[in-house]
Amino acid sequence: MAVASFETRSVVKKILLDVTPVLDEKQRRILYGSAAEALGHGGVAFVNEVTGSARNTITAGMDDIGKEHGDRVRKEGGGRKSKMEKNPLLLESVENIAGGSTYGNPMNPLCWTTLSLRKITSKLKDDYGYEVSQNIVANCLDMLGYSRQQNQKMEQLGSQHPDRDAQFRYINDKSKSFLEAGDPVISVDTKKKELLGGFRNGGSEYRREKDPREVLDHDFELKELGKIVPYGVYVVNDNTGFVNLGTNNDTSDFAGESILQWWLHVGSETFPNAERIYITCDGGGSNSSRTWLWKQNLQKLADETGLEVHCSHFPPGTSKWNKVEHRLFCYISRNWEGKPLYDIETAVNLIGATTTTKGLKVKCVVDRRYYEKGRKVSEEDKDLINIEFTGPNEKWNYIIKPSN
């Protein structure tokens, strides 16, 4: 059977995600088997990736299709209980062990530990009395967001800033306090600019055999279509994303307006009682720690929303640990890989359709305002910014309160 098209797989994915929660065990097995069989080559792998169901469950569902449905459906809660169900504190114990030996990057969504599975398993037995296998420990680490990484992935070019670890601890502790209080914690940044038109987009997509998508043989901007500048807001509290899709320049005015648009479209409804917000971002670019225009725009945000704006920047050379990169932008890139961004509507639809098995939802709006490059803030205007510097390194941490 031929490979199903991208459009077909998108429809099947939506059906699987929408219908699965209301089905019992047997019905899910048959649905997964039917979907895999309908998709043809690669169907089992696709259903496995979308649902997380084991491959042998999917193939068992394929075997069930066409048989009489007289099998007993396992009662909810039936079957052997997992180690984590028997030991509800197991996950917390693994986190205590791994967290104590995690390299100094607590804001990395893919945290990673310097301990091996064998050492963690041994410490679980010695310190907590748990008799578990290394496979179970690996599953716990996966659930906690840890992954194994090669050492060279952590190497930082140049010398490490002396305040680096202190800044990570500060961001981590402050994020926790805001989250516990129910106040918004957002990670922001600009994704790289993209050309609109029939240009080649990295990656691949499913198409019928010997029917590749034809694209332009050059990468020169088409003036009639232009480019897009996606500014992303990732909300740590509820795993949601917002993208303000600019059409010209990536400036501090654009960055500030993007956060304001997130608040107006989403934030004010999600956090109706909030009196403060915590923003984490890189130290350069349109939200640079050195740029007073960025701070002026945060003052505008504070004045228009009434929020006390807390902001922290990541140290030099550590932008890869900004959550928006790993929790939002990477999934947007994956969702549109291999598909040319023919026009702005295509980009909006692909960004808005970005989801993950962990429930990520993304809202995208188009911003056609023109943002002037090179705008400066006068000394008089700097004095109007109601700013208080704080934290282990005052260049990277400050609070801006409403003027009135």
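Here, the structure is the one placed above.
Only a predicted model underlies this, so the values are computations on that prediction, with no experimental measurement involved. (Residues numbered from 1 in each chain as written. Predicted model: local features only at pLDDT ≥ 70, side-chain atom pairs only at ≥ 80, totals over all residues. Heavy atoms only, no water.)

**Q** How should the pairing of strand E9 (residues 397–400) be read in this particular structure?
**A** Remember that side chains alternate between the two faces of the sheet whenever the strand is regular. Every second residue of E9 is oriented toward a common face, with Asn397 and Ile399 on one face and Tyr398 and Ile400 on the other, all of them buried. In this structure, strand E6 (residues 308–313) lies alongside E9, joined through four bridges in antiparallel fashion. Looking at the pairing, Ser312 lines up with Asn397 of E9. (Buried < 20%, exposed > 50% of the residue type's maximum accessible area, 1.4 Å probe, protein only. Helix = DSSP H or I, 4+ residues; strand = E, 2+ residues; numbered from the N terminus. Pairing = 2+ DSSP bridges.)

**Q** So what exactly am I meant to see when it comes to helix H2 (residues 25–39) here?
**A** Helical geometry: 3.6 residues make up each α-helical turn, so side chains three or four residues apart lie on a common side. Between its first and last C-alpha, H2 extends 21 Å over 15 residues, near the 21 Å set by a 1.5 Å rise per residue. Among the residues making up H2, those that are buried are Lys26, Arg29, Tyr32, Gly33, Ala35, Ala36 and Leu39. Those residues of H2 that are buried are in contact with helix H1 (6–19), helix H3 (43–51) and helix H4 (55–64). Phi turns positive, to about 80°, at Gly40, one or two residues after H2. (Expected span 1.5 Å × (residues − 1). Contact = heavy atoms within 4.5 Å.)

**Q** Whenever I open this one, the pattern of salt bridges confuses me. Can you help?
**A** One side chain can pair with another of opposite charge once the charged atoms of both are near each other. Counted according to the given criterion, the structure contains 10 salt bridges. The salt bridge partner of Asp127 is Lys123, with a shortest N-O separation of 3.5 Å. Of this pair, Asp127 and Lys123 both sit in helix H7 (residues 117–128), separated by four residues, roughly a single helical turn. For Lys123, a relative accessible area of 34% puts it in the partly exposed group. Residues Arg375 and Asp253 are paired through a salt bridge, measuring 2.9 Å at the closest nitrogen-oxygen approach. Of this pair, Arg375 sits in the loop between strand E7 (361–367) and helix H14 (379–383) while Asp253 sits in helix H10 (residues 252–270); the two residues are 122 residues apart in sequence, bridging distant segments of the chain. Its relative accessible area of 32% is what places Arg375 among the partly exposed residues. (Salt bridge = Lys/Arg side-chain N within 4 Å of Asp/Glu carboxyl O.)

**Q** Please clarify how the nonpolar core should be interpreted in this entry.
**A** Burial of nonpolar side chains together is a common tendency in soluble globular proteins. Ranked by size, the top nonpolar core spans 30 residues in total, and within it Ile186, Val188, Ile259, Trp262, Ile279, Trp294 and Leu298 carry the most contacts. Looking at this core, the elements with two or more residues in it are strand E1 (185–190), strand E3 (227–235), H10, strand E5 (276–281), helix H11 (292–305), E6 and E9. Ranked by residue count, the leading element in this core is H10, at six residues. Ignoring any residue separated from it by four or fewer positions in sequence, one finds Trp262 in contact with Pro184, Ile186, Val233, Val235, Phe242, Gly267, Phe271 and Ile277. The next biggest cluster of nonpolar side chains, apart from the first, holds 19 residues, and it includes Val348, Leu350, Ile351 and Cys364. (Core = buried A, V, L, I, M, F, W, Y, C linked by side-chain atoms within 4.5 Å.)

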